[in-house]
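Given next are the chains, with one letter for each unit.
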Amino acid sequence: MSNKIRVVLLHGGRSSEHAISCVTAKEVLKAIDRERFDVIPVGITKAGNMVLVAEEDMNYALIAGALPEVTDNGSRFRWPESAESRAISVTEADGSVRSLGDVDLAFPLLHGPFGEDGTLQGMLQLLSIPFVGNGVLSSALCMDKHFTKAVLAAAGIGVAPGRSVSRAQLQRDPALIDQLDNGLRYPLYIKPARSGSSIGVSRVADASALRAAIDEALKSDDVVLIESGVIGREVEISVLGGRSGNSPRTSSVVGEIICDGRDFYDFEAKYLGAAGVTLELPARVSDSELKLLQDTAIRAFEATDCAGLARVDFFLTPEGAIVNEINTLPGFTPISMYPKLWEASGLSYTDLVTELIELALDPLSRAR
């Protein structure tokens, strides 16, 4: 019998970031150390069905107009029936049931709601299955930009000025929209509170475009964040949990997003190769700026109870570092900033995957 660690690789999901999750899973599958790990790919369809996916069917690719998705092949993946078991199985399309043996841990690669927001993590904790990444509290907290900002501000960490408004508030008082920019500085950035990959995000130069931008954001969430534009460099740093309860670690370099001819780092620039954005890695920062970013990233990681991994995004201004957001499941393809920052710091993509699995299996380091 194999002594390899058995990993359920979860991908897809019900969020608008379904396609990104699929591509991420394909890349992790290619890179994971097969000498140490057996992989069981499990896809979650857009309807929420969990299916067993054959590796040869994971030929996902991001192509404009033809984004990949998990196909419902009729199978149904089954988790253990109780927390006293690690036995997993699959009900095939013909109704027959096949045992898949025991599972050691889950590796969730789902972005956005129903995957990155603590819901999936709660299910895994109910079953006592270790999993890679953040727990229920940190996942839910960092998924919601409004509450992330509140916690960071309470911890004395700088955040951009802004406010939130809900769909229900606007329905009760339509005139409220005319007050949402009070005290804020244009350009404004309008964002769904609980979405990622820049989906539903707009840059607004003046009040005439505010309503349309809020309507666009409300397509992705029921709560919208309205933030003042911050004048500063957009930089990012990667964080890993510490081994055996030790302090979190940050990458030894930072990355910078330079927008030249594009309003902001949107979905097309992130994933479809659109022009107008340059990623500078490593970014040119002074030793004191690097230390400030590293120290602030660790403070933010701990203030939001993160575990395993996170990417902390900043505006680096003459006055200091402003946290833009914390990503508890950042982009994780080999060309994404999170793994590239670690690669530039001496940790390869395959070794990063191994490190995250080992952190998930460490009782002192895993999510709580």
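For the structure itself, look to the data block above.
Residues numbered from 1 in each chain as written. Predicted model: local features only at pLDDT ≥ 70, side-chain atom pairs only at ≥ 80, totals over all residues. Heavy atoms only, no water.

A separate point is the overall build of the protein chain. Along its length, the protein chain carries ten helices and 17 strands. On C-alpha atoms alone, the protein chain measures out to a radius of gyration of 21 Å, which is about the 21 Å that the 2.2 N^0.38 rule sets for 368 residues. Its C-alpha atoms put the protein chain at 65 × 50 × 35 Å along the principal axes. Split into buried and exposed, the 368 residues of the protein chain put 54% on the buried side. (Helix = DSSP H or I, 4+ residues; strand = E, 2+ residues; numbered from the N terminus. Rg over C-alpha atoms; globule rule 2.2 N^0.38 Å. Buried < 20%, exposed > 50% of the residue type's maximum accessible area, 1.4 Å probe, protein only.)

With respect to burial, strand E1 (residues 5-12) is a largely interior element, seven of its eight residues being buried. Relative to strand E2 (residues 37-44), E1 is paired through eight bridges, and the arrangement is parallel. Counted as the bridge partner of His-11 is Gly-43 from E2. Taking the sense of rotation as the criterion, the β-α-β connection linking E1, helix H1 (residues 18-31) and E2 turns out right-handed. Of the strand pairs in this sheet, E1 and strand E7 (residues 105-108) are connected by four bridges, and their pairing is parallel. Pairing of Val-8 across the sheet is with Ala-106, part of E7. (Pairing = 2+ DSSP bridges. Right-handed = clockwise from strand over helix to strand, strands pointing away.)

Another point: the pattern of salt bridges. If you walk through the whole model with that rule in mind, you get 20 salt bridges. Note that Asp-221 is salt-bridged to Arg-194, the shortest N-O span being 2.8 Å. Within this pair, whereas Asp-221 is found in the loop between helix H6 (210-217) and strand E11 (223-228), its partner Arg-194 is found in the loop between strand E9 (188-192) and strand E10 (202-204), the two being separated by 27 residues in sequence. Under the relative-accessibility criterion, Arg-194 is labelled partly exposed at 32%. One connected set of salt bridges, linked through shared partners, spans Arg-36, Arg-243, Arg-249, Glu-355 and Glu-358. (Salt bridge = Lys/Arg side-chain N within 4 Å of Asp/Glu carboxyl O.)

Moving on, we come to the packing of H1 against helix H10 (residues 349-361). Contact geometry for H1 and H10: axes closest at 9 Å, N-to-C directions at 95°. In terms of orientation, H1 lies roughly perpendicular with respect to H10. Residues Thr-24, Glu-27, Val-28 and Ala-31 of H1 form the contact with H10, whose participating residues are Tyr-349, Thr-350 and Val-353. Grouping the amino acids of the contact of H1 with H10 by side-chain chemistry returns four nonpolar, two polar and one charged. (Axes fitted to C-alpha atoms, helices over the stretch in contact; angles between N-to-C directions. Parallel < 35°, antiparallel > 145°, perpendicular 65-115°, else oblique. Contact = heavy atoms within 4.5 Å. Nonpolar A, V, L, I, M, F, W, Y, C, P; charged D, E, K, R; others polar.)

Moving on: the nonpolar core. For soluble globular proteins, the rule of thumb is that nonpolar side chains tend to be buried together. If you look at the biggest cluster of nonpolar residues, it comprises 33 residues, and the most contacted ones within it are Leu-9, Val-28, Phe-107, Phe-332, Leu-356 and Ile-357. Elements that contribute at least two residues to this core include exactly E1, H1, E2, E7, helix H9 (337-344) and H10. The leading source of residues in this core is H10, at seven residues. Setting aside anything within four residues of it in sequence, one finds Ile-357 in contact with Val-7, Ile-32, Phe-37, Leu-105, Phe-107 and Val-132. Counting 22 residues, the second-largest nonpolar core is a separate cluster that includes Ile-40, Val-42, Ile-44 and Trp-79. (Core = buried A, V, L, I, M, F, W, Y, C linked by side-chain atoms within 4.5 Å.)

Moving on, we come to the packing of aromatic side chains. Per the counting criterion, the structure on display carries three aromatic pairs. Ring geometry for Phe-332 and Tyr-338: centres 6.1 Å apart, planes at 35°, overall tilted. Among the aromatic residues, those joined into a cluster by ring pairs are Phe-332, Tyr-338 and Tyr-349. Its end group placed over the ring of Phe-114, Arg-14 keeps NZ or CZ at 3.9 Å from the ring centre. (Phe/Tyr/Trp six-rings, centres within 6.5 Å; stacked < 30°, edge-to-face > 60°. Lys NZ or Arg CZ within 6 Å of the ring centre and 35° of its normal.)

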